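# Summary of structural features
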Amino acid sequence: MSQQVASRAARQPHKHALDVAHPPPGPGNLGAVLLPVAVVLLIGTVFVSVYLAAFHAPRPHQLRVGTTEIGTQQEHLRQDLARVAAGGFTLETYPDESAARQAVQDRSVYAAYLGEGKLLYGSANGAAVTATVTTAFGSAAHAEHHELSAEDVAPAAAGDTRGLSVFYAAFGLVLAGYLFGMTTYQLAPRLQYRWRMASLALFGAVGGVLVTAIAGSAGFGALPGPFLPLAVVVALMGAAVAATTMVLLRLFGSAGVSLASILLLILGNSSSGGIMPAAYLPAWLRPLSEILPVGVGVRAMQGLSRFQDDGLVRALVILPVWVLGAALVLYLKDVFRREAPAGARKREEPQPAAS
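Below is a summary of the structure that appears in this document. Residues take numbers from 1 onward in each chain, read along the sequence in its written order. Only residues with pLDDT of at least 70 get local features here, since the model is predicted, and only at 80 or more are side-chain atom pairs given and counted; chain-wide, interface and lining totals rely on the full set of residues. Excluding hydrogens and water, the side-chain values take into account all heavy atoms of the structure.

### Focus: the overall build of the protein chain
For clarity, the threshold we go by: Here a strand is any run of E in DSSP of at least two residues, a helix any run of H or I of at least four, and the numbering for each starts at the N terminus. Three exposure classes are used, based on accessible area relative to the maximum for each residue type with a 1.4 Å probe and protein chains only: buried under 20%, partly exposed in between, and exposed over 50%. Using a 1.4 Å probe, the Shrake-Rupley method yields the accessible areas, and only the shown protein chains count as cover for residues.
If you tally the helices and strands in the protein chain, you get 12 helices and 5 strands. Taken over 355 residues, the protein chain has a buried fraction of 43%. For the protein chain, the exposed surface amounts to about 19100 Å²; the carbon and sulfur share of it is 64%.

Here's what the structure looks like:
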């Protein structure tokens, strides 16, 4: 009997995985095919659109500059600047060269014209700003029949000759914060809140020390500011990005990952001021540099390194607000709402009758 069964089995063709006819993809399978394509192409389209809108043809919009000229000479200067770039400059008046020099050094203005062809500028603002102000004030000096004489009073760091290193350092930190915000819930979805916050604090502290050590005076010399304040700002910026990513993930699920990439990686980095100041951005992008963690942190990093702590106070106020606000939302989501139903059930339980 067993020989007959074996013989029949030998005569039957073997069915391999490729021989089995699969049913046509249903709605769920179709969504699994199309959704990743749609999400990734959406993010890519936003990235290309935002960066091209910001940097394909940058021009200044009310870039702050100063002068010691007054009266008719100042009015002629305004007209010369308007001819170079209509609406491109906002002109501040200073009483003397010392005040104008101080304004350039603390980045109250990006350049200051002293008359008779003399210009104060800061190459630490980047090549784009340097080219803008030397071209504009060169035209003004020519109109006054002078050759432009430019003095660099806020020079770029030796390790950051084009003023772009802060952008790359910030971009790397933001990417790390974004990845931390995702992986903390992926690897440990049930981690207790206090331990998740401890992990967030550890990420921020170690990230701040590492980035400052690499980019600062001990490393490439791109951020030559004092180590401890720089490390604090970098740590707060990294923690703010990570915490915001965590919140978006908890509130919106998998869609929060895409939202975080658009808000922090694309909008945040493009408006950070690391490539060129916010005055060069389109009007709809400029306000983001004042509120998103990346722009706030980058300005403070630049200020600590080259511009007499410009932006430091703002960073020490705004960045902790992002971190603490996100921590509060996560507490409400991960702790408070878990405990509330248990308490409600206890209240609903019938109490034993008094004897």
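### A look at the packing of aromatic side chains
Geometrically, a pair of aromatic rings is defined through the distance of the ring centres and the angle of the planes. Put simply, the rule is: Two aromatic rings, drawn from Phe, Tyr or Trp (for Trp, its six-membered ring), form a pair once their centres lie within 6.5 Å of each other, and the interplanar angle then sorts them: stacked below 30 degrees, edge-to-face above 60, tilted otherwise. When the NZ atom of lysine or the CZ atom of arginine is within 6 Å of a ring's centre and also within 35 degrees of its normal, the charge is said to sit over that ring.
Scanning the entire structure with this criterion turns up 7 aromatic pairs. Considering the side-chain rings of Phe47 and Tyr51, the 4.5 Å spacing of their centres and the 25 degrees angle between planes classify their relative orientation as stacked. Taken as a pair, Phe47 and Tyr51 lie in helix α2 (residues 27–55) at a separation of 4 residues, close to a single helical turn. Under the relative-accessibility criterion, Phe47 is labelled partly exposed at 38%. Relative to Phe203, the ring of Phe180 lies with its centre 4.9 Å away and its plane at 15 degrees, an arrangement referred to as stacked. Pair noted here: Phe180 is in helix α6 (residues 165–187) and Phe203 is in helix α7 (residues 193–215), with a separation of 23 residues, a long-range link. Exposure remark for Phe180: the relative accessible area of 13% places this residue in the buried category. Among the aromatic residues, ring-to-ring pairing joins Phe47, Tyr51 and Phe55 into one connected group. Here the guanidinium or amino end of Arg196 rests over the ring plane of Tyr185, the centre of that ring lying 3.9 Å away.

### Notes on the packing of α6 against helix α11 (residues 293–306)
Helices that pack against each other are described as a pair by the angle of their axes relative to one another and the distance between those axes. Quick note on the threshold: To obtain an axis, a line is fitted to C-alpha atoms, over the contacting stretch when the element is a helix, and the angle between two such axes runs from 0 to 180 degrees between their N-to-C directions. Note that the term roughly parallel is reserved for angles under 35 degrees, roughly antiparallel for angles over 145, roughly perpendicular for angles of 65 to 115, and oblique for everything else. Crossings are sorted by hand: turned counterclockwise from the far helix by less than a right angle, the near helix makes the crossing left-handed, and turned clockwise it makes it right-handed. Here, two residues are considered to be in contact whenever any of their heavy atoms come within 4.5 Å of each other. Any residue outside Ala, Val, Leu, Ile, Met, Phe, Trp, Tyr, Cys, Pro, Asp, Glu, Lys and Arg is labelled polar, Gly included; the first ten of those are nonpolar and the last four are charged.
For the pair α6 and α11, the least separation of the axes is 10 Å and the interaxial angle reads 140 degrees. Between α6 and α11, the interaxial angle falls into the category oblique. In this structure, α6 crosses over α11, and the sense of that crossing is right-handed. Touching Val166, Ala170 and Val174 of α6 are Val294, Val298, Met301 and Gln302, all from α11. In terms of residue class, the contact of α6 with α11 is built from 6 nonpolar, 1 polar and no charged.

### Quick look at the side chain of Asp334
What counts here: As used in this structure description, the phrase polar contact means that two N or O atoms lie within 3.5 Å; if the pair is within protein, one of them must be able to donate a hydrogen and the other to accept it, and residues adjacent in sequence are counted only when both atoms belong to side chains.
Looking at the secondary structure, you find Asp334 in helix α12 (residues 312–348). Of the polar contacts made by the side chain of Asp334, one reaches the side chain of Tyr185; its length is 2.5 Å. Among the polar contacts listed, one links the side chain of Asp334 to the side chain of Arg250, at a separation of 2.7 Å. Excluding residues within four positions of it along the chain, Asp334 makes contact with Tyr185, Arg196 and Arg250.

### Some details on the nonpolar core
Put simply, the test is: What makes a nonpolar core is a set of buried Ala, Val, Leu, Ile, Met, Phe, Trp, Tyr and Cys residues whose side-chain atoms join them at distances within 4.5 Å.
If you look at the biggest cluster of nonpolar residues, it comprises 45 residues, and the most contacted ones within it are Leu200, Met246 and Met301. Put simply, the parts of the chain that give this core at least two residues each are α6, α7, α8 (227–252), α9 (254–270), α11 and α12. The dominant element in this core, judged by the number of residues it contributes, is α8, at 13 residues. Not counting residues up to four positions away in its chain, the partners in contact with Met301 are Val166, Leu223, Leu230, Val233, Val234 and Met237.

### Overview of unusual backbone geometry
For Gln62, which is not glycine, the phi torsion reads 55 degrees and is therefore positive. The topology assignment puts Gln62 in the loop between α2 and β1 (63–67). Gln62 gets classed as exposed once you look at its relative accessible area, which sits at 55%. One non-glycine residue, Asp309, lies in positive phi territory at about 70 degrees.

### With respect to empty space enclosed by the protein
Worth spelling out the cut-off: Here a cavity means grid points, on a 1 Å grid over the protein atoms only, where a 1.4 Å probe fits yet cannot get out; a pocket means an open set of points with protein on both sides within 12 Å along at least five of seven lines; lining residues are those with an atom within 4 Å of a point. Grid points are joined across faces, edges and corners, and a volume is the space filled by probe spheres set on the points.
Enumeration over the complete set of coordinates arrives at 1 cavity of 30 Å³ or more. Space inside the largest cavity adds up to approximately 110 Å³. As for the largest cavity, its lining consists of 13 residues, of which Ala124, Asp160, Ala222, Ser305 and Arg306 are closest to the centre. No other element matches α11, which puts 3 residues into the lining of the largest cavity. Taken together, the residues that form the lining of the largest cavity break down as 8 nonpolar, 3 polar and 2 charged.

The values reported here are purely geometric and, on their own, carry no functional implication.
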